[in-house]
Each structure stands twice: as structure tokens, then as C-alpha cells.
2 protein chains.
Amino acid sequence: MSELEKTVRVELGDRSYDILIGPGLIARAGSEIAARLKGKRMAVITDDHVGARYLEPLTASLGEAGISVFPLTLPAGEKTKSFDPLIKACDHVLEAKIERNDAVIALGGGVIGDLTGFAAGIVRRGTRFIQIPTSLLAQVDSSVGGKTGINSRHGKNLIGVFHQPDLVLADTDVLDTLSPREFRAGYAEVAKYGLIDKPDFFEWLEKNWRAVFEGGAARIEAIAISCQAKADVVAEDERENGRRALLNLGHTFGHALEAATQYDSARLVHGEGVSIGMVLAHQFSARMNLASPDLGRRVEKHLREVGLPVTMGEIPGGLPPAEVLLEAITQDKKVKGGKLTFILTRGLGQSFVADDVPASEVLSFLREKLEG
Amino acid sequence: MSELEKTVRVELGDRSYDILIGPGLIARAGSEIAARLKGKRMAVITDDHVGARYLEPLTASLGEAGISVFPLTLPAGEKTKSFDPLIKACDHVLEAKIERNDAVIALGGGVIGDLTGFAAGIVRRGTRFIQIPTSLLAQVDSSVGGKTGINSRHGKNLIGVFHQPDLVLADTDVLDTLSPREFRAGYAEVAKYGLIDKPDFFEWLEKNWRAVFEGGAARIEAIAISCQAKADVVAEDERENGRRALLNLGHTFGHALEAATQYDSARLVHGEGVSIGMVLAHQFSARMNLASPDLGRRVEKHLREVGLPVTMGEIPGGLPPAEVLLEAITQDKKVKGGKLTFILTRGLGQSFVADDVPASEVLSFLREKLEG
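Please read all numbers here as calculations on a predicted model, not as lab measurements.

### Some details on the packing of helix α6 (residues 180-197) of chain B against helix α10 (residues 270-287) of chain B
Residue and element names in this part refer to chain B.
Item 1. Their axes nearest at 7 Å, the elements α6 and α10 cross at an angle of 35°. The two elements α6 and α10 cross, and the hand of that crossing is left-handed. Across from Arg 181, Ala 185, Ala 188, Glu 189, Lys 192 and Leu 195 in α6, the residues of α10 making contact are His 270, Gly 271, Glu 272, Val 274, Ser 275, Met 278 and His 282.
Item 2. Residues belonging to the contact of α6 with α10 are distributed by class as follows: 5 nonpolar, 4 polar and 4 charged.

As C-alpha cells, then:
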């Protein structure tokens, strides 16, 4: 084990698990898994991009630990989060005869993690599951907390289960091969944990973000703090009946922007939507006299500095009118008495769930921002 | 509410729910549901046989309670427990905009209940769910306990989730329209609860089975005792880590016989397989010197008396050799040191989980029984 390695524990009673964060974890996956699980058969589900690079070293490492690997490679991309690949994945896990002590391993980013977790959650009504996230976004967000699922023509992530992994191996070496744009998109979720309730962490990021982007100890530290933040929220509210909703800071506006750009990653990826969404949430909080306009400017400045988009105007190809964005926000639900739920803030790292936001205010705010 | 009506409570903490058992419950469904759930939108999933008879009265009853109904009718039969109908069901629930306080209703037998429960379990990672079971088998077994799922080419019920209903309405009037063969098949599961751990109930059935078949108070009593028995086991061991396995009495042999007859319901339905399987389990227990051979004869006598098949020889079309049946029992799993898990018995109503049954003993037992 590397000196740099950190372990975060997700406390969920008899379903508690470790997140290991550090360099070289794929090469060491076999021994880390064998130390925790008795099974000798593992189905590995990956995509053609990630698999080309990491399936061989992972298989070798598992082989050294006496574990037989049954790999399935799916096409990379968001379209893989749908029923056809899910059926393929389920069939593969059954074909591989994965039994009670064996496991299904997700090797990839958020798409592979969400799909594989869903398959593991429904084969034999729940099969052991290991996450090996290979994007920054997956390492600090989607691989932790047990939300799994696929998209529907009615919207993203509408079909799925809660299914916690038995282990998460976040190999920080793999982040060196991400494109700068992809790394930045994941960084938006890192900054989010500071903005939710860790003002010191956000200040630390303002000073040290270059070191986080460069790699090494600062990057591992930032990932560990992010995972710990998410682990704490999940331990308290696994099924999102309350506090877990805070993790959606920036996501209500962000999802609407993703929908408005038809989920076209050439125009906007999830983390970029979250970046713009977090700035909008802070600006809207100022408009509602909850927080100072200076705070919005400060958040905007930091995210712009790391290279993330921070205004709707930066999205290439233009956006629909405010009414359409509001419709995407309400997702066709009947808005109860014209009130919406947003994550807003009262100050740096003082986010809260506001469930009485007037839709009319959101509409005029969006109009102004689209014009400005 | 009818004087005959009984309520069984399934105790699962904040997921506890009621099973109402009695006449006229479909006609009264609207008020029973409105008394418990706030939602005003319900998706009803049924099959073409059951729907033709009961969808209209159910819709009328829900309408009187101010509940809008969004019905989906699927083809009757085991083939509906597969991915294509599941996708249709999920899409239907999303299309109907079933939200947090609304619910998905299963109106049908075991197939519809298992499929609908699975869809409810995965749409938005879990939607409220109501069972209106219309076969005796579904009323006393599959609608209680939260096991949901579909079949795979690798075997039955291999893909699914645990998802407990919010309410079960077992309308005993609908049983009058079942064929005698279908009623008998459900009765095998009723008798099972006596044989697991309720010797008094089995003795009562020996004396009163004709009244149970005729309907009225005795039938409601038998269904209520069965539901209570299952509810008690589920409350203690929801996820089948231990005691819940007792519910598989007769099912290990039974499933092998269903597989050996290609799940052809003209030859063998599930409850008939369970009937023969329970007799075999008692005979095998005697062979292992666990129970008296008289007990096996007593169980066989009662099940034969009600009209159920009790020997493998009664299955039309012939069976494969013992080796093939054993293979179906082991389901291609590597048999650990030649040991299998069976539910065996030490006496009337004294079933237990035996996890060290020698495969060789099962093989010679099956050979003798196939010859005899």
C-alpha cells in the first residue's frame, strides 16, 4: 500500500464498506478484494474505452489472487444506461454463475457504475458488487452511496435500485489519462462538497486547486474529503428522505441545462451543468436575500479560474427560453401551489433544502440571466 | 366491511402493512386504499383474463374514492414474467406520472404480482405498491413478503428485487371463479404452512378441507392462517438469510419437476409440483431416519384426498432419469463436497433446514421413486 493511500468508511451497519483512494489500486485489486471477499468468481463489466486500457491489468491482478474473471465490454457512452445493455449485463452475470460470495465489478465511469450496480442489485435479488471508478466524477460522487440505474425516455436515472457496493477502489493513477475537460467536470462535484457545508474545504480548494489538478497528495486529499463528505450524508440518509437532497446543490438548474442541450456532451457535460447550476443557485440565493451577492461572485470566480463554464451564455448552440427551462425543472410535475424545491444557501458552506421557492421568482431570474 | 373479514399485519417497522382477507374487497378497494394512501393516481397492471372480469369494478371503486386509474393489460401466462413486459410496465408507470404518494396496483395472480412488484420496485428506485391477488396461490403465498421478479433463460425468478407492498387486498369472492385444478394447486401452499410448523393447522385441514374448498368462513380462516404464517416468517427474516428458507418445503423437488416438464402447465403447475415435492420431502426424511414413514403416508393421503398429485408417476408424459432431476436440483452449482440443502422434517409440523444432505442419497432415493 502506498503511503499516500487513504481509506474512507461508509457506515451502514452490516452493509458498511470501505472506499480505498490512492495510486496503483487496479494493480493491487486482487489482494484488496481477496482480503475482504471469499468469492473466486467475478464478473467485470466495463466499456470499450476503459476496458482497452485497464481490463488486462485488472484481470492479471485478480488472477494472482486466484480469482477467475468473466469480462463483459459494453459501448462507452450514456446510451449504455438503458434496458438492452442491462439485460446483457444480467445475462452475463448469470452465465458467469456468480454466487453468494462472488461479486460483480464495475470498471469504468458513472455510466458503467450505474448500470453494473443496477444489474448486481437485481440478479438473484442482490449480488455482491465492487466499484472501480475511473473518472474523477465517479470517484467522488457516483461510485459512493448506492444509487444505481438507467435512463428512460421520460428522463435520466428514472429506473433503478439502491444497492450499496461491498468495496470501492478509487485508483488515482487513472485520472492522469482523463482529458482536462473531463477532469474539470469531476472537479465541479469536489467543489460542491465545500459549498454544501465545508467552507474550510472550499477555501483550501481556492488556494490549492492547481495542486489537485496536477495530482499527488493534494489530489488524493481532495478526493478523500469529497468521499468522506458523501459517505457522511449517505450514512445519515441512505434513501434520500431528507439531508441527502443537499447533494443536489447546483443539480436542479444543471439538469435543466443538460435536458435543454439534449444531453449532447459536445455542448455540455454533467459536471459543467453542475458548475453553472451552483453559480445560479448562489446568485438566486442572493436574489432571495438569503446570501450576499459577493458569495455568488466568489464561487463564480473560482469555478471560472479552474476552467469550468459558469454562465448559461457559455453553452454553445444557444438555449431555449426561460419557460422551457422552468418546465424541465418541474419535470412536468404539477407544481404544488407554484412552489418548487431547490438547494439554496445562506452563506459559504451553508446550503439548505428550500421547498417553498416561488416558481414565478425562478422564471424571472432565468429570464434575466438568459438576457444578461 | 364483512363480518367474515380478517386482517393480518406484516410487521416490518416503518414498512409494515396490512393484508385484508374477505369477500367484496375489490368492490371496496377505493375506500380501503384511500383510508391508507394519500395519492390520487394509480397505475393498475393486470392480465387479459383477470382484467376482463375485475378491471371495471376495480376502476369504478377507485373512481368513487376520487382516484384516477391508468390501466395496463398484459397477456396472461408465465411468459409475461420477462424483460419486455417489465419494460412496458415501467414505461406505463412513468407515463402515468405516478408520484411519491400514488401507487402501482397489481390485479392478478402470481405472474402479475411478481412483475408489477418488480416494476414498482425499480421505477424512481421504489414506488408505492398494492397487491390485489386473484388466485389462491397468490393470496396465500406470492402476494405476501416482498419477493418480486421475472424469469431468465437461466431459470425462474432469477432477476428481481425485494419490494414490500403497502397493502394487500385478498378478495375471497374471486376464488369462486378459479378452476378446481387452480384452487387445488393453491391449496398445496396452504397445507405447506401446516407441515412447516403448524401441526394443529394441518390436522384442522385434514378435517375441514371440504369446507375450505366450498368457500365461506373456513376458506377465509385457512387463508388468514396461511398469510399470518408467511407474515411471521417474513417479519423475522425478510431477506432469506435463514428461517425464510423453510417456506421452500417441497419446493426443491417441486422446482426440479417443473423444470423437467419444461414448465408446461398442461403437465404440471407449480402447486402440483409442491404437492409431490412435499410428499417426497417427507418420504426422504423417513429414509434419512429423521421421521416416521407413517408421516409421509399421512401427508400423501391428505393431498391425494383433495385431488392433488402426490407421486412423480402421476405426471403425464414421463420424466427424465434421476441424474437429470438431480442436476436440476443442484442448478449446475458446484455441489460443495457432495452436500445439498433441503427442507426436511422430524415430525408433523417439525420442518427444518438441512444443509448437509448427501447428493448420493438423493440420487438413489429419486431412482427408487421413479421406478416405484
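### A closer look at the interface of chain B and chain A
Item 1. At the junction of the two partners, chain B supplies 33 residues and chain A supplies 33 residues.
Item 2. Carbon and sulfur atoms make up 54% of the surface buried where chain B meets chain A, a total of about 2700 Å² over both sides.
Item 3. Summed over the three residues of chain B that lose the most area to chain A, namely Phe 83, Arg 125 and Leu 158 of chain B, the buried surface amounts to 24% of that side.
Item 4. There are 4 salt bridges connecting chain B and chain A.
Item 5. Close ionic contact of Asp 91 of chain A with Arg 153 of chain B constitutes a salt bridge, the shortest N to O distance being 2.6 Å.
Item 6. Counting every contact that joins chain B to chain A gives 14 residue pairs in polar contact (both at pLDDT 80 or more).
Item 7. Within the residue set of the side of chain B that touches chain A, elements represented by two or more residues are α3 (83-95), α4 (110-122) and β8 (155-159) of chain B.
Item 8. No other element matches α3 of chain B, which puts 7 residues into the side of chain B that touches chain A.
Item 9. Partitioning the side of chain B that touches chain A into residue classes produces 12 nonpolar, 7 polar and 14 charged.

### Points about the sheet that holds strand β9 (residues 167-171) of chain A
Strands belonging to one sheet form pairs held by backbone hydrogen bonds; the direction of such a pair is parallel or antiparallel.
All names here are of chain A.
Item 1. Overall, mixed pairing links the 7 strands, which are arranged β1-β2-β9-β6-β5-β3-β4 in an open sheet. Looking at the sheet topology across the chains shown, the edges are occupied by β1 (6-10) and β4 (68-74). Strand-to-strand twist across the sheet, computed as the mean angle between neighbouring axes with direction ignored, equals 15°.
Item 2. Sheet topology places strand β6 (residues 129-133) next to β9; 2 bridges connect them, and they run parallel. Of the residues in β9, the one forming a bridge with Ile 130 is Leu 167.
Item 3. Contacts between helix α2 (residues 48-64) and the sheet are confined to β3 (41-47), β4, β5 (103-108) and β6, with β3 contributing the most and set at about 160° to the helix.
Item 4. Packed onto the sheet, helix α3 (residues 83-95) meets β3, β4 and β5 and runs at close to 170° relative to β4.

### Considerations on the sheet that holds strand β6 (residues 129-133) of chain B
All names here are of chain B.
Item 1. Spatially, β1-β2-β9-β6-β5-β3-β4 is the arrangement adopted by the 7 strands of the open sheet, whose pairing is mixed. The sheet is open, and its two borders are formed by β1 (6-10) and β4 (68-74), each paired with just one other strand. Neighbouring strand axes in the sheet, compared pairwise and without regard to direction, differ in orientation by 15° on average.
Item 2. When strand β3 (residues 41-47) meets strand β5 (residues 103-108), the two strands line up parallel, connected through 5 bridges. Along β5, the bridge assignment pairs Ala 43 with Val 104.

### Observations regarding the confidence of the model for chain A
Item 1. When pLDDT is averaged along chain A, the result is 95, and 98% of the positions lie at 70 or above.
Item 2. As scored by the predictor, the complex reaches a pTM of 0.95 and an ipTM of 0.94.

### With respect to the domain arrangement of chain A
Residues and elements named next belong to chain A.
Item 1. Looking at the assigned domains, one finds that chain A contains domain 1 (6-176) and domain 2 (180-371).
Item 2. Computed over C-alpha atoms, the centres of domain 1 and domain 2 are 27 Å apart.
Item 3. Each partner contributes to the interface: domain 1 provides 27 residues, whereas domain 2 provides 27 residues.
Item 4. Contact between domain 1 and domain 2 buries roughly 2400 Å² in total, counting both sides, with carbon and sulfur atoms accounting for 65%.
Item 5. Taken together, the links from domain 1 to domain 2 amount to 6 salt bridges.

### Structural notes on the pattern of salt bridges
Residue and element names in this part refer to chain A.
Item 1. Here the structure, examined in full by the defined rule, presents 60 salt bridges over all chains.
Item 2. One salt bridge connects Asp 197 with Arg 243, and the closest N-O pair in it is separated by 2.9 Å. Taken as a pair, Asp 197 in helix α6 (residues 180-197) and Arg 243 in the loop between α8 (217-236) and α9 (251-260) lie far apart in primary sequence, 46 residues in all.
Item 3. Judged by relative accessible area, Asp 197 falls into the partly exposed class, the value being 31%.

### Re the side chain of Thr 330 of chain B
Item 1. Assignment of secondary structure puts Thr 330 of chain B in helix α12 (residues 322-330).
Item 2. At 3.0 Å, the side chain of Thr 330 of chain B forms a polar contact with the backbone oxygen of Glu 327 of chain B.

### Describing the relation of the copies chain B and chain A
Item 1. Mapping chain B onto chain A calls for a rotation angle of 180° and an axial translation of 0.0 Å; the resulting RMSD is 0.0 Å. A rotation of that kind, with that shift, is consistent with a two-fold axis.
Item 2. Here 100% of the interface residues in chain B have copies in chain A that are interface residues too; the copies meet face to matching face.

### Overview of the packing of helix α7 (residues 199-214) of chain A against α8 of chain A
Residue and element names in this part refer to chain A.
Item 1. For the pair α7 and α8, the least separation of the axes is 8 Å and the interaxial angle reads 135°. Judged by the inter-axis angle, α7 sits oblique to α8. Like other packed secondary-structure pairs, α7 and α8 cross with a definite hand, here left-handed. Only Ala 218, Arg 219, Glu 221, Ala 222, Ile 225 and Ser 226 of α8 make contact with α7, whose side of the interface consists of Phe 201, Trp 204, Leu 205, Ala 211, Val 212, Phe 213 and Glu 214.
Item 2. The residue inventory of the contact of α7 with α8, partitioned by class, reads 9 nonpolar, 1 polar and 3 charged.

Quick notes on the rules
- Residues numbered from 1 in each chain as written.
- Chains lettered and ligands numbered in written order.
- Predicted model: local features only at pLDDT ≥ 70, side-chain atom pairs only at ≥ 80, totals over all residues.
- Heavy atoms only, no water.
- Axes fitted to C-alpha atoms, helices over the stretch in contact; angles between N-to-C directions.
- Helix = DSSP H or I, 4+ residues; strand = E, 2+ residues; numbered from the N terminus.
- Left-handed = near helix turned anticlockwise from the far one by under 90°.
- Contact = heavy atoms within 4.5 Å.
- Nonpolar A, V, L, I, M, F, W, Y, C, P; charged D, E, K, R; others polar.
- Buried area = accessible area lost by both parts, 1.4 Å probe.
- Salt bridge = Lys/Arg side-chain N within 4 Å of Asp/Glu carboxyl O.
- Polar contact = N/O pair within 3.5 Å; in protein donor to acceptor, adjacent residues only side chain to side chain.
- Pairing = 2+ DSSP bridges.
- pLDDT = per-residue confidence, 0-100.
- Domains from an automatic or database assignment.
- Buried < 20%, exposed > 50% of the residue type's maximum accessible area, 1.4 Å probe, protein only.
- Least-squares fit on C-alpha atoms with pLDDT ≥ 70 in both.
- Parallel < 35°, antiparallel > 145°, perpendicular 65-115°, else oblique.

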